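A structural walkthrough
What follows is the residue order along each chain.
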Amino acid sequence: GPTLRALAARADVRIGTAVNMDALASDTPYREHVAREFNTVTAENVMKWEATEPQRGAHDWAAADQLVDFARANRQLVRGHTLVWHNQNPSWVTEGDFSSAELRQILKKHIQDEVRHFKGRIWHWDVANEIFTDDGQWRNTIWLEKLGPGYVADALRWAHQADPKARLYLNDYNVEGINAKSTAYYNLIKQLRSEGVPVHGFGIQGHLGVQYGFPGQVLENLQRFDALGVETAFTEVDVRMPMPADATKLQAQAFAYSALLQACLLARKCVSYTVWGFTDKYSWVPDWFEGEGAANLLDENYGPKPAHAAVSSTL
Ligand code: XIL
């Protein structure tokens, strides 16, 4: 059948995947799939701070540059992921014992260095990742503790100065439907926009599990961001299941992939639908959720699962 990217182009939405750079270098079928099926890509790890500045002042852009070059060669847009987060920071930052003023300068330099390095080549930046807890409170991180909640507005302003054309996103999980956490984002983004802070989009990761059921009010959630004039994107969709897989779980998985995509197609300003990997061969899920897996569209041998047909027919 037609490729996902051809179908997505007709539906006026972008379809993307996270990319594992080791797999891209070593696995030809993997590389061919990324090029053929998707028209946006996200670095699964290589744009994170621990990867780009492992020692203070010593940048390593090689892997991230490779992805950006691959994307250009294949006419794909790049989602930059991610500038400010509580995970995957270099140890020189987290163990550095800096004053608040020093840490603020370090964060500013990190954002400006990275956004400038890729200037003009990044479509969306996930500027801040996972800043709230599930009950809608500020997550306690080194950034909140040392800089206060204003670090988010600062990060957005610094990123915007460094690349005024990039669309700037806040991104999180468990925010598919209307709940305390997605409402905290709605309120923060509304506030930031009223203050003229450059924020353009809300990234909804979309890490689901069949055992939790499907979140309520997904379309309504996207629509309230539409009404604010803010873009949305599904940024990391995968749907895991307790192993072993069976026909019922695979059917529930297909439903979830399709229902998130359908909400995106029905919302006015949902611009892209990115999966967090497309094959079970390289999924992060078995490493992070004990006893769970089979979260992607294709199995470990690149065979299509029911979810692949569901995404294809929904587009
Ligand atoms: C995950 C990667 O997939 C893993 O390879 C890595 O070990 C940890 O991070 N939310 C995010 C992503 O925003 O960056 C995370 O990616 C998955 C959860």
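Residues numbered from 1 in each chain as written. Predicted model: local features only at pLDDT ≥ 70, side-chain atom pairs only at ≥ 80, totals over all residues.

Named according to an unreviewed UniProt entry, the protein is Beta-xylanase originating from Micromonospora pattaloongensis. One UniProt comment on the protein, placed under Sequence similarities (unreviewed entry), says "Belongs to the glycosyl hydrolase 10 (cellulase F) family." Taken verbatim from the UniProt record of the protein, the Catalytic activity (unreviewed entry) comment is "Endohydrolysis of (1->4)-beta-D-xylosidic linkages in xylans." (UniProt positions renumbered as here; feature names shortened; annotations may be inferred.)

The subject of this paragraph is the site of the ligand. For the ligand, the full set of nearby residues is E44, N45, N129, Q205, E236 and W284. Residues belonging to the shell around the ligand are distributed by class as follows: one nonpolar, three polar and two charged. (Near = placed C-beta within 6 Å. Nonpolar A, V, L, I, M, F, W, Y, C, P; charged D, E, K, R; others polar.)

A few words on unusual backbone geometry. Following H81, the chain continues into T82 via a peptide bond in cis, with omega recorded as 0°. Looking at where T82 falls in the secondary structure, it is placed in strand 3 (residues 77–84). Omega for the bond connecting M243 with P244 falls within 30 degrees of zero, at 5°, which places this linkage in the cis form. In this model, A294 sits at a positive phi of 50°, which is unusual for a non-glycine residue. Assignment of secondary structure puts A294 in the loop between strand 10 (292–293) and helix 14 (306–314). (Helix = DSSP H or I, 4+ residues; strand = E, 2+ residues; numbered from the N terminus.)

Here helix 10 (residues 180–194) crosses helix 11 (residues 218–228) at 5°, and the two axes come no closer than 11 Å. Compared by their axis directions, helix 10 and helix 11 come out roughly parallel. Listed contacts from helix 11 to S182, Y186, I189, K190 and R193 of helix 10 are N221, R224, F225 and L228. Residue composition of the contact of helix 10 with helix 11, by class: four nonpolar, two polar and three charged. (Axes fitted to C-alpha atoms, helices over the stretch in contact; angles between N-to-C directions. Parallel < 35°, antiparallel > 145°, perpendicular 65-115°, else oblique. Contact = placed C-beta atoms within 7 Å.)

A few words on helix 7 (residues 100–117). Residues spaced three or four apart along an α-helix face the same direction, because each turn holds 3.6 residues. The terminal C-alpha atoms of helix 7, which comprises 18 residues, lie 26 Å apart, in line with the 26 Å expected from a rise of 1.5 Å per residue. Turning to helix 7, its buried residues number three or more, namely L107, H110, I111, E114 and V115. Projection of helix 7 onto a plane perpendicular to its axis shows the buried side chains occupying an angular sector of 110°, all on one side. Exposed positions of helix 7 whose direction lies more than 90 degrees from the buried face are A101, E102, Q105 and R116. (Expected span 1.5 Å × (residues − 1). Buried ≥ 20, exposed ≤ 12 C-beta atoms within 10 Å, placed from the backbone. Arc of directions from axis to C-beta.)

Now for the pairing of strand 4 (residues 124–129). In terms of burial, strand 4 is a largely internal element, six of the six residues being buried. Note: strand 3 against strand 4, four bridges, orientation parallel. Bridge assignment links G80 to a residue of strand 4, and that residue is W125. Across five bridges, the pairing between strand 4 and strand 5 (residues 167–172) is parallel. Considered in strand 5, the bridge of D126 is made with Y169. (Pairing = 2+ DSSP bridges.)

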